[in-house]
Amino acid sequence: NPVEARGRIIGGSLRTFQLLRGTPYMPALNKTILFIESMSTASRTDVEMFDRNLQSLIQASDFEKVQALVIGRFENSFGMTHEKLDYIFSTKPALKSIPIIANADFGHTIPIFTFPSGGTCHLQATASGNVKLVIERH
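Source: prediction; values computed, not measured. (Residues numbered from 1 in each chain as written. Predicted model: local features only at pLDDT ≥ 70, side-chain atom pairs only at ≥ 80, totals over all residues. Heavy atoms only, no water.)

## Details of the packing of aromatic side chains
Given two aromatic rings, their pairing is described by the distance between the two centres and the angle made by the two planes.
No. 1: Scanning the entire structure with this criterion turns up five aromatic pairs.
No. 2: With a centroid separation of 5.4 Å and 50° between ring planes, the pair formed by F35 and F106 is classed as tilted. With F35 in strand β2 (residues 32–37) and F106 in the loop between β4 (100–104) and β5 (120–125), this residue pair connects regions lying 71 residues apart in the sequence. Across the pair, F106 and F35 agree in class, each one buried.
No. 3: Centre to centre, the rings of F106 and F115 are 5.2 Å apart; their planes meet at 75°, and the pair counts as edge-to-face. Across this residue pair, the class does not change: F106 and F115 are buried.
No. 4: Here the aromatic residues F35, F106 and F115 are joined through ring pairs into a cluster of three or more. (Phe/Tyr/Trp six-rings, centres within 6.5 Å; stacked < 30°, edge-to-face > 60°. Helix = DSSP H or I, 4+ residues; strand = E, 2+ residues; numbered from the N terminus. Buried < 20%, exposed > 50% of the residue type's maximum accessible area, 1.4 Å probe, protein only.)

## Regarding the sheet that holds strand β1 (residues 4–13)
No. 1: What the six strands build is an open sheet, ordered β4-β3-β2-β1-β5-β6; its pairing is mixed. Edge positions in the open sheet fall to β4 and β6 (131–136), since each of these has one partner strand only. Mean inter-strand twist for the sheet, computed between neighbouring axes without regard to direction, equals 30°.
No. 2: Both β1 and β5 contribute to a ladder of five bridges, which runs antiparallel. By the bridge assignment for β5, G7 is matched with C121.
No. 3: In the packing of helix α2 (residues 46–58) onto the sheet, contacts are made with β2 and β3 (68–72), and the angle to β2 comes to roughly 160°. (Pairing = 2+ DSSP bridges. Axes fitted to C-alpha atoms, helices over the stretch in contact; angles between N-to-C directions. Contact = heavy atoms within 4.5 Å.)

## Here's the deal with α2
No. 1: With 13 residues, α2 extends 18 Å from end C-alpha to end C-alpha; this agrees with the ideal 18 Å at 1.5 Å per step.
No. 2: Considered for burial, the residues of α2 that qualify are D46, V47, F50, N53, L54, S56, L57 and I58.
No. 3: Turning to α2, the residues buried within the fold contact α1 (14–20), β2, β3 and α3 (82–90). (Expected span 1.5 Å × (residues − 1).)

Written as structure tokens, this is what we have:
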């Protein structure tokens, strides 16, 4: 989605977010750039579980205030393809208006970068497919 976004970085495992939902430990998603990743269980249901967990997160009351979504690269054993990910995104109307970056180098893959949870991020995505992600220093 060609958009520009800036927000507080919140992130982690999509499955962990599922465990936090409904508890006082779930972080507020208001004005955030959400970094999520999902680890493979080497099961043929990994892709379906990612889809279900993402849909559940989207149903959080403040998800509509998420500024952008950054998804960590999937392990080869996960079975995720570009086509499957595009299909998952196409079934989620809430994702149509926010920029999404997928295949970022964090999570359970190598190479890996560390993002500062609670820090600030600026993201630019153009219609031509150019993407710029800058983690700001404070």
